[in-house]
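# Residue-level structural notes
So you can see what is in the structure, the chains are spelled out below.
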Amino acid sequence: MSFLAEEFNFGREMEQDNKQVTDTLDEMYRDVATTVNRKPNIVIRENAVPTASDYRYSVGTFWLNQNTAKLYILDSKSSPTTVSWTILN
């Protein structure tokens, strides 16, 4: 799942000189970051089941096998290349 920090540092000088602009930009950035952080990653494949070698995805990624209608979720990463997928249905 994508992740953006929900706060952006515009720098002390800009914050002091342009408080209204900085507040507006801060609110806009926070809205975008919150939306991106809530959007799940979904992988849709035919005739495929996720395996431990499918480690490039983030925890929380959904994997849908279109032919079987099985849904999986990547529920843990014990290392950058070791993952665990759990079937949800």
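Just so you know, these numbers come straight off a predicted model, no measurement behind them. The residue numbering used here restarts from 1 in each chain and proceeds along that chain's sequence as written. Totals for whole chains, interfaces and linings use all residues, but because this is a predicted model, local features are given only for residues with pLDDT of at least 70 and pairs of side-chain atoms are given and counted only at 80 or more. Water and hydrogen atoms play no part in the side-chain values, which are based on all heavy atoms of the structure.

Attention now moves to the confidence of the model for the protein chain. Scored by pLDDT, the protein chain comes out at a mean of 86, with 98% of its residues at no less than 70. For every residue, the predictor states its confidence as a pLDDT score lying anywhere from 0 to 100. Helical segments are the DSSP runs of H or I of at least four residues, strand segments are the runs of E of at least two, and each set is numbered from the N terminus. For the protein chain, per-element mean pLDDT is lowest for helix H1 (residues 12-17), which scores 85, and highest for strand E2 (residues 62-65), which scores 92.

The subject of this paragraph is the sheet that holds strand E3 (residues 70-79). When DSSP locates at least two bridges between a pair of strands, those strands are taken to pair. The 4 strands lie next to each other as E1-E2-E3-E4, forming an open sheet whose pairing is mixed. Two strands in the sheet have a free side with no partner beyond their single neighbour: strand E1 (42-45) and strand E4 (82-87). Across the sheet, the mean angle from the axis of one strand to that of its neighbour is 25°, orientation sign disregarded. The convention used is that axes are lines fitted to C-alpha atoms, helices contributing only their stretch in contact, and that angles between N-to-C directions extend from 0 to 180 degrees.

The next thing to look at is the packing of aromatic side chains. Note on ring pairs: Phe, Tyr and Trp rings are taken, using the six-membered ring of Trp, and paired if centres are within 6.5 Å. Classes follow the plane angle, with under 30 degrees stacked, over 60 edge-to-face and the rest tilted. Applying the stated criterion across every chain yields a total of 5 aromatic pairs. Geometrically, the ring pair formed by phenylalanine 8 and phenylalanine 10 is edge-to-face, given 4.9 Å between the ring centres and 65° between the ring planes. For the ring pair tyrosine 57 and tryptophan 63, a centre distance of 6.0 Å and an interplane angle of 85° mean the geometry is edge-to-face. The residues tyrosine 57 and tryptophan 63 share a single accessibility class, namely buried. Among the aromatic residues, those joined into a cluster by ring pairs are Phe8, Phe10 and Tyr29. Think of it as a cone above the ring: NZ of Lys or CZ of Arg counts as a charge over the ring if it is within 6 Å of the ring centre and within 35 degrees of the ring normal. Positioned over the ring face of tryptophan 63 is arginine 45, at 5.6 Å from the centre of the ring. Each residue's exposure class comes from its accessible area (1.4 Å probe, protein chains only) as a fraction of the maximum for that residue type: buried when under 20%, exposed when over 50%, partly exposed otherwise.

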